[in-house]
Amino acid sequence: MHRVQREWRPLEQRSCTDIPWLILFTLFCIGMGLICGFAIATGAASRLVSGYDSYGNTCGQKNTAIEGIALSGRDQTNKKYVFFLDPCNIDLVNRKIKSMALCVSKCPDIQLNTYEDIKAFATVNGSFLCSYDLSPDQYVSDPEKATKCPKLPVLKSNSLPMFHRCTPVDIFCYARFAEALITFLSDNSVLHRLVAGVMTSKEIIMGLCLLALVLSMILMVVIRYISAILVWILTAVVVIGSLGGTCGLWWLYVDHKKSLNDTMPVNELQVAKDNVSALLVYAIAATIFTVILLLLMLIMRKRVALTIALFHVAGKVFTHLPLLALQPFWTFLALICFWAYWVMVLLFLGTAGNPVQNNQTKLVEFRMSGPLQYMTWYHAVGLIWISEFILACQQMTVAGAVVTYYFTRDKSNLPLTPILTSVFRLVRYHLGTVAKGSFIITLVKIPRLILMYIHNQLKGKNAYTATAINSTNFCTSARDAFVILVENALRVAAINTVGDFVLFLGKILIVSCTAFVGVLSLNYQRDYTVWVVPLLIVCLFAFLVAHCFLSIFEIVVDVLFLCFAIDTKNNDGSPGREFYMDKALMEFVENSRKTQAGRSNTGEGRELKPMDSNGQWMAMKLLKQQYQ
């Protein structure tokens with residue numbers, strides 16, 4: 001049965017989309033909240049913050065006895081700190097301390113070298129560092145003191161902020177644990193130099209991070225004004241690099257082949273022949289790659305012009321909609337808040353459940369059993385779904401604002417705040433579509449190794465754009481957007497290759513400039529010698545900032561392209577069917593028509609529908625009026 005072609009209706013009356021999915025997402029979020037409530041109600045939160053001893057007693061409060069567990073049910077109201085008898089006994093596989101833990105009233109603020117020192121500390125401070133069934137008088141004489149009292153020497157320790165655990169001030173005993181994470185930290189002096197470097201250069205780090213932010217904003221402006229030069233230069237660099245690499249491989253092949261000599265030792269001769277064979281394979285592969293690349297460049301040269309025009313218009317969008325530049329900040333802030341909440345609840349779940357005595361260590365651990373153990377998996381799915389939901393809200397907001405910009409003929413009549421208008425439309429009509437789209441992406445991300453290609457093709461940006469235009473549900477929007485993109489497959493390929501490559505090089509440029517300035521700045525800092533950590537922090541932040549800004553630019557370009565494809569499909573410039581597009585895109589359309597004016601009407605290579613002279617005149621007239 002023939003499917004009726006959809007008539008695109010930008011900026012018309014809207015309706016709510018995917019309401020069942022919004023209800024489902026709301027119920028899922030309620031489930032996430034119930035998990036948090038369960039962890040708090042069952043005491044997991046207090047056990048995480050206050051800590052508990054090896055007998056299941058939570059420090060800093062009264063406890064009820066646990067059946068079968070000796071020394072449980074103690075009143076630990078005045079003992080607020082967790083003290084480990086052997087804090088260096090670390091399980092490197094499970095990343096946890098295997099030592100017996102006790103609740104004490106005070107962490108040892110001095111190093112204790114003998115059992116007499118431990119007894120004196122208990123007598124003076126009232127903090128008992130040995131097992132509850134030993135009195136201070138037994139600390140020196142009890143035959144089991146080696147297992148029931150802390151390992152000597154007892155290092156000076158302080159309690160962690162918020163988490164009441166006695167932690168040794170000297171990090172030496174954690175060297176093995178540190179080696180499992182970062183091998184070069186086995187040298188304690190190296191660690192101290194690195195930390196000192198970060199602390200001493202904190203002003204420089206903050207300044208360089210600000211520099212990365214400024215460079216990202218400047219690059220977005222630069223791309224608008226020199227997009228044509230930038231794209232063609234990069235294209236030329238790629239072509240020249242491919243040709244140079246191919247010629248170099250062939251030269252190496254010929255040179256190595258000439259150097260073959262039968263008088264060489266057998267082993268050396270065989271190695272030389274293997275190298276020649278390998279170079280021949282590499283040279284042939286490089287030649288094939290270069291030929292294919294040149295053919296693609298030849299085929300897509302006109303589409304490169306479209307990429308340039310879209311980059312130029314994207315720069316204008318940011319000029320008219322400056323609040324777009326703030327979207328990465330709000331999205332990043334929302335993600336950070338959610339991730340912090342997610343990690344907190346995950347830690348709660350780590351101490352939730354029923355007390356169980358470990359058969360090997362005889363220490364009490366809290367474990368969830370039965371259906372409750374699947375709460376962690378539910379919580380993990382929530383991490384992906386809600387994170388994707390937040391990102392999808394950003395994409396929908398940007399798409400709505402750009403659609404409003406594109407399909408408003410007179411840009412002086414744009415809403416006062418298109419971004420806020422887009423946010424309102426999102427909340428009022430399309431949260432269900434965002435919930436559904438983010439859920440589908442979540443399902444794809446879980447088996448990511450299997451469905452990597454599908455994930456890359458169905459990220460949802462174009463579907464959200466179609467929803468912003470037509471106010472249709474996610475699946476309908478995805479189908480409509482897919483049809484449009486298939487009809488413009490070569491253009492899509494050009495934008496994805498050229499555009500993404502340009503933006504990637506932009507990110508590398510920002511990181512390189514920030515790193516260069518960082519090296520120059522750190523060269524004048526004489527208080528430390530290790531630069532690696534401060535420089536890594538700066539480079540990582542610079543890349544994240546550049547990615548945030550340029551990803552917004554990428555979304556804008558993608559939305560503009562879909563609007564452009566819809567515009568050229570449904571309008572031809574004739575009266576009543578005038579184009580909505582920007583002047584730069586109109587110039588691209590006119591240039592495309594001029595190059596095809598001499599061809600016969602065979603349909604060969606046509607990208608746009610014919611437009612008569614009256615339509616051309618009307619379209620240009622409207623553009624002149626718009627930009628006067």
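Cut-offs and rules
- Sequence order as written defines the numbering, with residues in each chain counted from 1.
- Reporting of local features is limited, given that this is a predicted model, to residues whose pLDDT is at least 70; pairs of side-chain atoms are given and counted only at 80 or more, and all residues count toward the totals for whole chains, interfaces and linings.
- Excluded from the side-chain calculation are hydrogens and water; included are all heavy atoms of the structure.
- UniProt positions are given in the numbering used here, feature names are shortened, and annotations may be inferred rather than shown by experiment.
- Think of it this way: any DSSP run of H or I at least four residues long counts as a helix, any run of E at least two long counts as a strand, and we number them from the N terminus.
- Per-residue accessibility, obtained with a 1.4 Å probe over protein chains only, is compared with the maximum for each type, and a residue is labelled buried under 20%, exposed over 50%, and partly exposed between these values.
- Residues count as neighbours in contact if any of their non-hydrogen atoms are within 4.5 Å of one another.
- Per-residue accessibility takes into account occlusion by the displayed protein chains alone, with areas from the Shrake-Rupley method and a 1.4 Å probe.
- Values of pLDDT, ranging from 0 to 100, describe the predictor's confidence in every residue of the model.
- Helix span is expected to be 1.5 Å times the residue number reduced by one.
- Only protein atoms enter the 1 Å grid used here, on which a cavity is any set of points holding a 1.4 Å probe that cannot leave and a pocket is any open set flanked by protein within 12 Å on both sides along at least five of seven lines; residues with an atom within 4 Å of a point are listed as lining.
- Grid points are joined across faces, edges and corners, and a volume is the space filled by probe spheres set on the points.
- Only Asp, Glu, Lys and Arg are considered charged in this grouping, and only Ala, Val, Leu, Ile, Met, Phe, Trp, Tyr, Cys and Pro are considered nonpolar; every other residue, Gly among them, is considered polar.
- The term polar contact refers here to a pair of N or O atoms within 3.5 Å; inside protein, the definition further demands a hydrogen-donor-capable atom paired with an acceptor-capable atom, and it admits residues adjacent in sequence only when both atoms are side-chain atoms.
- Here, a disulfide means two cysteine sulfur atoms that sit within 2.5 Å of each other.
- Helix axes are fitted only over the stretch in contact, all axes being lines through C-alpha atoms; the angle between N-to-C directions runs from 0 to 180 degrees.
- Roughly parallel means an angle under 35 degrees; roughly antiparallel, over 145; roughly perpendicular, 65 to 115; everything else is oblique.
- Crossing handedness is defined as follows: a turn of the near helix away from the far one that is anticlockwise and smaller than a right angle gives a left-handed crossing, while the clockwise case is right-handed.
- A pair is scored as a salt bridge if a Lys or Arg side-chain nitrogen falls within 4 Å of a carboxyl oxygen belonging to Asp or Glu.

For the chain, an unreviewed UniProt entry supplies the name Choline transporter-like protein and the organism Scleropages formosus. Under the heading Function (unreviewed entry), UniProt records this for the chain: "Choline transporter."

Q: Looking at this model, I keep getting lost on the overall build of the chain. Mind explaining?
A: When its secondary structure is counted, the chain shows 20 helices and eight strands. Burial status across the chain gives 44% buried among its 628 residues. By sequence separation, contacts in the chain at least 24 residues apart represent 70% of the contacts at least 6 residues apart. In the form shown here, the chain has an accessible surface area of approximately 33,200 Å², with 65% of it arising from carbon and sulfur atoms.

Q: Would you explain the confidence of the model for the chain in this entry?
A: Parts of the prediction with low pLDDT should not have their coordinates interpreted in detail. Looking at the chain, the pLDDT average stands at 75 and 76% of residues meet or exceed 70. Low pLDDT, under 50, characterises residues 174-194; the predicted model gives this stretch 28 contacts beyond four residues in sequence or across chains. Across residues 449-458 the pLDDT falls below 50, and counting only partners more than four positions away or on other chains, this stretch makes seven contacts in the model.

Q: Would you mind showing me how to read helix α1 (residues 19-41) here?
A: Residues that lie three or four places apart on an α-helix share one face, since the helix turns once every 3.6 residues. With 23 residues, α1 should reach 33 Å at 1.5 Å per residue; the first-to-last C-alpha distance of 32 Å fits that figure. Those residues of α1 that sit buried are F25, F28, G31, M32, I35, C36 and A39.

Q: Honestly, empty space enclosed by the protein in this entry has me stumped. Any pointers?
A: In this approach the atoms are scanned with a rolling probe the size of a water molecule, which exposes any empty space left behind. Following the criterion strictly, the structure yields one cavity of 30 Å³ or more and no others. Lining of the largest cavity is provided by R14, M396, G400, S422, R425, L426, H430 and A468. Put simply, the parts of the chain that give the lining of the largest cavity at least two residues each are α12 (375-406) and α13 (418-445). Looking at the lining of the largest cavity residue by residue, the class counts come to three nonpolar, three polar and two charged.

Q: I would appreciate a short explanation of the environment of L230 in the present structure.
A: Tracing the sequence through the fold places L230 in helix α8 (residues 227-258). With 78 residues separating them along the chain, L230 and I308 place their C-alpha atoms 8.9 Å apart.

Q: I'm lost on the environment of T404 in this one. Help?
A: Along the chain, the position of T404 falls in helix α12. A residue is classified by how much of its surface remains accessible, and T404, at 6% relative accessible area, is buried. Note: C-alpha distance between T404 and I469 (65 residues apart in sequence) is 8.6 Å. Within the structure, the side chain of T404 is placed 2.9 Å from the backbone oxygen of G400, a separation counted as a polar contact.

Q: Before we go on, may I ask you to explain the state of the cysteines in this structure?
A: As used here, a disulfide is simply a covalent bond connecting the sulfur atoms of two cysteines. What the rule picks out here adds up to three disulfides. The disulfide partner of C107 is C166, and the gap between their sulfur atoms is 2.0 Å. Here the S-S torsion is close to -80°, and the disulfide linking C107 with C166 is therefore left-handed. Highlighted residues: C107 in the loop between β4 (101-104) and α3 (115-125) and C166 in strand β6 (residues 166-168), separated in sequence by 59 residues. Per residue, the accessibility class of C107 equals that of C166, and both read buried. Each sulfur in the disulfide pair C130 and C149 lies 2.0 Å from the other. In this structure, the disulfide formed by C130 and C149 twists by about 115° around the S-S bond and is classed as right-handed. One end of the pair, C130, is in the loop between α3 and α4 (145-148); the other, C149, is in the loop between α4 and β5 (157-159), with 19 residues separating them in the sequence. We classify C130 as buried; its relative accessible area is 1%. Across the chain, the way the bonded cysteines pair up, counted in sequence order, is 1-2, 3-6, 4-5.

Q: Can you walk me through the packing of α1 against α12 in this structure?
A: Describing two packed helices takes the angle between their axes plus the distance from one axis to the other. At a closest axis distance of 10 Å, the pairing of α1 and α12 adopts a crossing angle of 130°. As summarised for this structure, α1 and α12 are arranged oblique, according to the angle between their axes. By crossing handedness, the relation of α1 to α12 is classed as left-handed. Facing α1, whose interface residues are L24, F25, L27, F28, C29, G31, M32, I35 and F38, α12 presents M375, Y378, H379, V381, G382, W385, I386 and F389. Residues belonging to the contact of α1 with α12 are distributed by class as follows: 14 nonpolar, three polar and no charged.

Q: When you look at unusual backbone geometry in this model, what are you seeing that I'm missing?
A: Backbone phi values are negative for most residues with the exception of glycine, while trans is the configuration of most peptide bonds. Residue P153 follows L152 across a cis peptide bond; omega there is -10°. Its place among the elements puts P153 in the loop between α4 and β5. Phi at L71 takes a positive value of approximately 65°, unusual for a residue other than glycine. For L71, the location among the structural elements is in the loop between α2 (44-50) and β1 (81-84). What makes L71 partly exposed here is its relative accessible area of 27%.

Q: What exactly am I supposed to notice about the pattern of salt bridges here?
A: Think of it this way: side chains of opposite charge can pair up when their charged atoms draw near. Inspection of every chain in the model, using the stated rule, returns four salt bridges. For D133, the salt bridge goes to K148, with nearest N and O atoms at 2.9 Å. Residue D133 is found in the loop between α3 and α4, and its partner K148 is found in helix α4; the two are separated by 15 residues along the sequence. Note that K148 and E144 form a salt bridge whose closest N and O atoms lie 3.0 Å from each other. K148 gets classed as buried once you look at its relative accessible area, which sits at 19%. Given a relative accessible area of 42%, E144 falls into the partly exposed group. A network of salt bridges, in which partner residues are shared, links D133, E144 and K148.

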